[in-house]
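# Summary of structural features
Given next are the chains, with one letter for each unit.
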Amino acid sequence: MPVLESDRLFLRGFLPSDAAAVQQLAGAFEIADTTTNIPHPYEDGMAESWIGHHPTAYQQGLLVPFAIIRRHDSALMGAISLMSIEQGHQAEIGYWIGKPFWGQGVCSEATQLIVRFAFSSLNLARLYARHFSRNPASGRVLANAGFLHEGTSRDHVEKWGILEDSENYGLLRGQWEAHNP
Ligand SMILES: CC(C)(COP(=O)(O)OP(=O)(O)OC[C@H]1O[C@@H](n2cnc3c(N)ncnc32)[C@H](O)[C@@H]1OP(=O)(O)O)[C@@H](O)C(=O)NCCC(=O)NCCS
């Protein structure tokens, strides 16, 4: 896994020793509530299992899962990944930030890093992302990184027995390069 760096953050692959922090942060109700696949409660062993599948998925070229690390004290703040990678074409971006770190621009900064990596190093042509319509903060993160809103998929995801509307965003490499020469 490469390491990506910005002023406040670095992104690196997850380590087995990150499991306790992942369980604590991802275990908050608010993280599961607006994500598709994060379980709640987040039980013992789930973080170890999640981190444990990363090397195989990475080697298969399907997933690039980064831990978001605060530079000054190496605290783990969240996760950001390229998922469903189609080599030479596109990937989906997904992320969560631990509640204590919300509202500090962390996810926006991490998203800009992973976008640069996806276009410059992986040479993907398109990135896309989705968020529940009731989660506008995620839409702001994507807009900050230059994504365009491409539409709404009504009742697209079933979450805890409720059908959720989903907002769809996309970013093309040419569009990104025009703003990041
Ligand atoms: C969504 C999430 C990733 C944002 O992380 P963050 O580090 O707090 O995000 P940032 O600080 O970079 O940016 C948040 C933006 O949302 C805005 N925002 C926050 N709450 C908002 C709300 N209720 N309505 C609209 N915008 C809101 C902020 O003003 C900011 O926008 P700005 O940069 O234009 O000022 C974080 O809240 C989270 O992990 N939520 C739970 C998991 C999740 O929803 N993951 C995404 C699934 S698609």
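In what follows, the structure referred to is the one given above.
The structure displayed is predicted, hence computed values, not measured ones.

The next point concerns the packing of aromatic side chains. Here the distance between the centres and the angle between the planes together describe a pair of aromatic rings. A complete count under the given rule lists four aromatic pairs for this structure. Centre to centre, the rings of F66 and F117 are 5.7 Å apart; their planes meet at 85 degrees, and the pair counts as edge-to-face. Of this pair, F66 sits in strand β3 (residues 64-70) while F117 sits in helix α5 (residues 106-121), placing them 51 residues apart in sequence. Each member of the pair, F66 as well as F117, is classed as buried. The ring centre of W160 lies 4.5 Å from the NZ or CZ of K159, which sits over that ring.

As enumerated under the stated definition, the model contains 10 salt bridges in all. For E92, the salt bridge is made with R130, and the minimal N-O distance between the two is 3.2 Å. Of the two residues, E92 sits in strand β5 (residues 90-97) while R130 sits in strand β6 (residues 126-132), which places them 38 residues apart along the sequence. Among the charged side chains, a salt-bridge network with shared partners connects D33, R134 and E164.

What surrounds the ligand is a group of 23 residues, the closest being T34, I97, G103, G105 and S108. The contact in question runs from an oxygen atom of the ligand to an N or O atom on the side chain of R140, over 2.8 Å. Elements with a contribution of two residues or more to the shell around the ligand: α2 (29-33), β5, α5, β6 and α6 (136-144). Residue contributions to the shell around the ligand peak at six residues, all from α6. Of the residues contributing to the shell around the ligand, the split by class is 10 nonpolar, 10 polar and three charged.

This part takes up α6. Of all the positions in α6, only S138, G139, V141 and L142 are classed as buried. Seen from one end, α6 has its buried residues packed into an arc of 155 degrees, which puts them on one side. Exposed and facing more than 90 degrees away from the buried side of α6 are P136, A137 and R140. Buried residues in α6 make contact with β5, α5, β6 and β8 (162-172). Remark: G146 follows α6 within two positions and exhibits a positive phi of approximately 100 degrees.

What counts and how
- Residues numbered from 1 in each chain as written.
- Predicted model: local features only at pLDDT ≥ 70, side-chain atom pairs only at ≥ 80, totals over all residues.
- Heavy atoms only, no water.
- Phe/Tyr/Trp six-rings, centres within 6.5 Å; stacked < 30°, edge-to-face > 60°.
- Helix = DSSP H or I, 4+ residues; strand = E, 2+ residues; numbered from the N terminus.
- Buried < 20%, exposed > 50% of the residue type's maximum accessible area, 1.4 Å probe, protein only.
- Lys NZ or Arg CZ within 6 Å of the ring centre and 35° of its normal.
- Salt bridge = Lys/Arg side-chain N within 4 Å of Asp/Glu carboxyl O.
- Near = heavy atom within 4 Å.
- Polar contact = N/O pair within 3.5 Å; in protein donor to acceptor, adjacent residues only side chain to side chain.
- Nonpolar A, V, L, I, M, F, W, Y, C, P; charged D, E, K, R; others polar.
- Arc of directions from axis to C-beta.
- Contact = heavy atoms within 4.5 Å.

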